[in-house]
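In case you want the letters, here they are:
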Amino acid sequence: MSETVLDKFLRYVVIDTQSKEDSESYPSTAKQFDLLNLLVKELKDLGVPKVSIDEFGYVMATIPSNVPGNVPPVGFIAHVDTSPEVSGAGVKPQIVTNYHGGDLVLSGDPTVIIRESENPALQTARGKMIVTSDGTTLLGADDKAGLAIIMTAVQTMIGNPKIAHGDIKIGFTPDEEVGAGTKFFDIKKFGALFAYTIDGDTPGELNKETFSADSCLITVHGRDIHPGSAKDIMINSVRVISDIISRLPKNMAPETTEGYEPYIHPYVLEGGVGKSTVKILFRDFKTAGLGALKTIVEKAVAEVQSMYPKAKIELQITEQYRNMRDRLEKDTRVIDYLFEATKRSGLQPEWTPIRGGTDGSRLTENGLPTPNIFTGGANYHSRTEWVNVWGMEKAVETVLNLAQVWVEKSR
Ligand SMILES: [Zn+2]
């Protein structure tokens, strides 16, 4: 009997592939190769003829077309790494075979509870199998669900020659969670004209737009001296930086906004008297809106600078990624066919804006249109992460339907 998407998923989640911010190497952690190399082996074992892995860890493979004519090569992409925010070492997946509703208390740490009230997606998971962690780690459905979905679709395609498809390109990438998933991704070598990341969440939800994103680093240089003789000499950068942070609008935070609303999000604070830094995320669906966010922060900095004229405050902005919607709508086949394929899987497809980015944001910007497909997962980057197994199965179906829709529409 062939393996199920759940079998594959459970094998991948126990492999620690956590990526790391500010790493000197690429991929940011060598352990990501453990899973990347396994995927190479599994693709070869399934009989995929062309499989490669490069020095950066990118796994690429091609399943050659089994139909005549010119069907555009279509790619499916997922990332192997898990978030640096929560440990992914020693994941112990817990299977709830038939979810009856209600809160789920996780066995490894009873303070970690998946609450029905905080998880609208649990409604559609009633009567279905779900998988959680034991509460001491994240689960890693982001994005090992994507890997398992693609590998199951590959297995099904190869085992069923009746499933018509053009050239299918498979891509597995490292370092998505640290914003570097496509840094060395060779689009030409990949060879797809259109692609899909399998890195979304709720079954039926599809994504063609993401935030436009910049990051901002504020560095405050103060002056350190023994507190006993500090009068009129010490400049405490801790006080300076907290005054800046307290000026950031609280109604423009991730925790107070939703839908299309932009936000400013201070997320890493480090420092001492002599020097402090804060990392801030700027997010807006309209790229032009990022300028307004920058202005708000600049104004806060200017106000605080005038309070502490001797402190040196630096502000540095780095571009991260851009909303992919405009480019995806230039050739709507890539999104129209996805919508159709999802419907054929018996789901009610819905386009929802991602309050985040995907590897597809960059790939689309670099010329490979890449919307995003659901996985069935939820609560990413946290110990309450869980996945709906039925959702993963529906995603496999959607991938297979999608390959066939591309064939039909290209005739
Ligand atoms: Zn992801």
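Above this text is the structure in question.
Reading guide: rules and limits
Residues numbered from 1 in each chain as written. Predicted model: local features only at pLDDT ≥ 70, side-chain atom pairs only at ≥ 80, totals over all residues. Heavy atoms only, no water. Helix = DSSP H or I, 4+ residues; strand = E, 2+ residues; numbered from the N terminus. Rg over C-alpha atoms; globule rule 2.2 N^0.38 Å. Buried < 20%, exposed > 50% of the residue type's maximum accessible area, 1.4 Å probe, protein only. Contact = heavy atoms within 4.5 Å. Areas by Shrake-Rupley, 256 points an atom, 1.4 Å probe, with all protein chains shown as cover. Lys, Arg positive; Asp, Glu negative; His and termini not counted. Charge placed at Lys NZ, Arg CZ, Asp CG, Glu CD. 1 Å grid on protein atoms, 1.4 Å probe; cavity = no way out; pocket = protein on both sides within 12 Å on 5 of 7 lines; lining within 4 Å. Points joined across faces, edges and corners; volume = space filled by probe spheres on them. Nonpolar A, V, L, I, M, F, W, Y, C, P; charged D, E, K, R; others polar. Salt bridge = Lys/Arg side-chain N within 4 Å of Asp/Glu carboxyl O. Pairing = 2+ DSSP bridges. Axes fitted to C-alpha atoms, helices over the stretch in contact; angles between N-to-C directions. Donors = N, O, S within 2.8 Å, 3.2 Å for Na, K, Ca; no water. Tetrahedral: all angles 85-135°; square planar, octahedral: opposite > 155°, others 65-115°. Parallel < 35°, antiparallel > 145°, perpendicular 65-115°, else oblique. Left-handed = near helix turned anticlockwise from the far one by under 90°.

Each helix and strand in the protein was counted, giving 10 helices and 18 strands. Against the compact-globule benchmark of 22 Å for 411 residues, the protein has a radius of gyration of 23 Å, which places it among compact chains. Here the C-alpha coordinates of the protein stretch approximately 80 × 45 × 40 Å along the principal axes. The burial tally for the protein puts 52% of its 411 residues in the buried class. If you take every contact in the protein between residues at least 6 apart in sequence, the share linking residues at least 24 apart comes to 79%. Working note: accessible area of the protein is about 17,900 Å², and carbon and sulfur atoms make up 51% of it. The distance from the centre of the 44 positive side-chain charges to the centre of the 54 negative ones in the protein is 3 Å.

Once rolled over the atoms, a probe with the size of a water molecule shows which space is left empty. Taken as a whole, the second largest pocket holds about 290 Å³ of empty space. Around the second largest pocket sit 14 residues that line it, and Glu-118, Asn-119, Pro-120, Ala-378 and Asn-379 are the ones nearest its centre. Tallied by class, residues from the lining of the second largest pocket come to six nonpolar, five polar and three charged.

Inspection of the entire model under this criterion finds 23 salt bridges. Here Glu-314 makes a salt bridge to Lys-312, at a shortest N to O gap of 3.1 Å. Judged by relative accessible area, which is 33%, Glu-314 ranks as partly exposed. Overall, the relative accessible area of 48% leaves Lys-312 in the partly exposed class. Residue Arg-322 pairs with Glu-319 through a salt bridge whose shortest N-O separation is 3.5 Å.

The subject of this paragraph is the sheet that holds strand β15 (residues 350–351). Sheet architecture is open: eight strands sit in the order β1-β2-β8-β3-β9-β16-β10-β15, paired in mixed fashion. Each of the sheet's edge strands pairs with one partner strand only, and the pair in question is β1 (50–53) and β15. Most of the contacts of helix α8 (residues 333–344) go to strand β9 (residues 194–198), to which it runs at about 50°, and overall it touches β9, β10 (205–207), β15 and β16 (372–373).

Another point: the coordination of the zinc ion. Tetrahedral coordination by four donors puts the ideal angle at the metal at 109.5 degrees, and octahedral coordination by six puts it at 90 or 180 degrees. At the metal site, the zinc ion is ligated by His-79 (NE2), Asp-142 (OD), Asp-199 (OD) and Asp-199 (OD), and these contacts range over 1.9 to 2.6 Å. Geometry at the zinc ion is irregular, judged from the four donor atoms that bind it and their angles of 52 to 144° at the metal.

Moving on, we get to the packing of helix α3 (residues 141–159) against helix α10 (residues 389–409). Packed helix pairs are characterised by how far apart their axes lie and by the angle those axes make with each other. Between α3 and α10, the shortest axis-to-axis distance is 9 Å and the interhelical angle comes to 50°. Here α10 runs oblique to α3, going by the angle between their axes. Crossing hand, α3 versus α10: right-handed. Contact with α3, carried on its side by Ala-145, Ile-149, Thr-152, Ala-153, Thr-156 and Met-157, involves Met-392, Ala-395, Val-396, Val-399, Leu-400 and Ala-403 of α10 and no other residues of that element. Looking at side-chain class alone, the contact of α3 with α10 contains 10 nonpolar, two polar and no charged residues.

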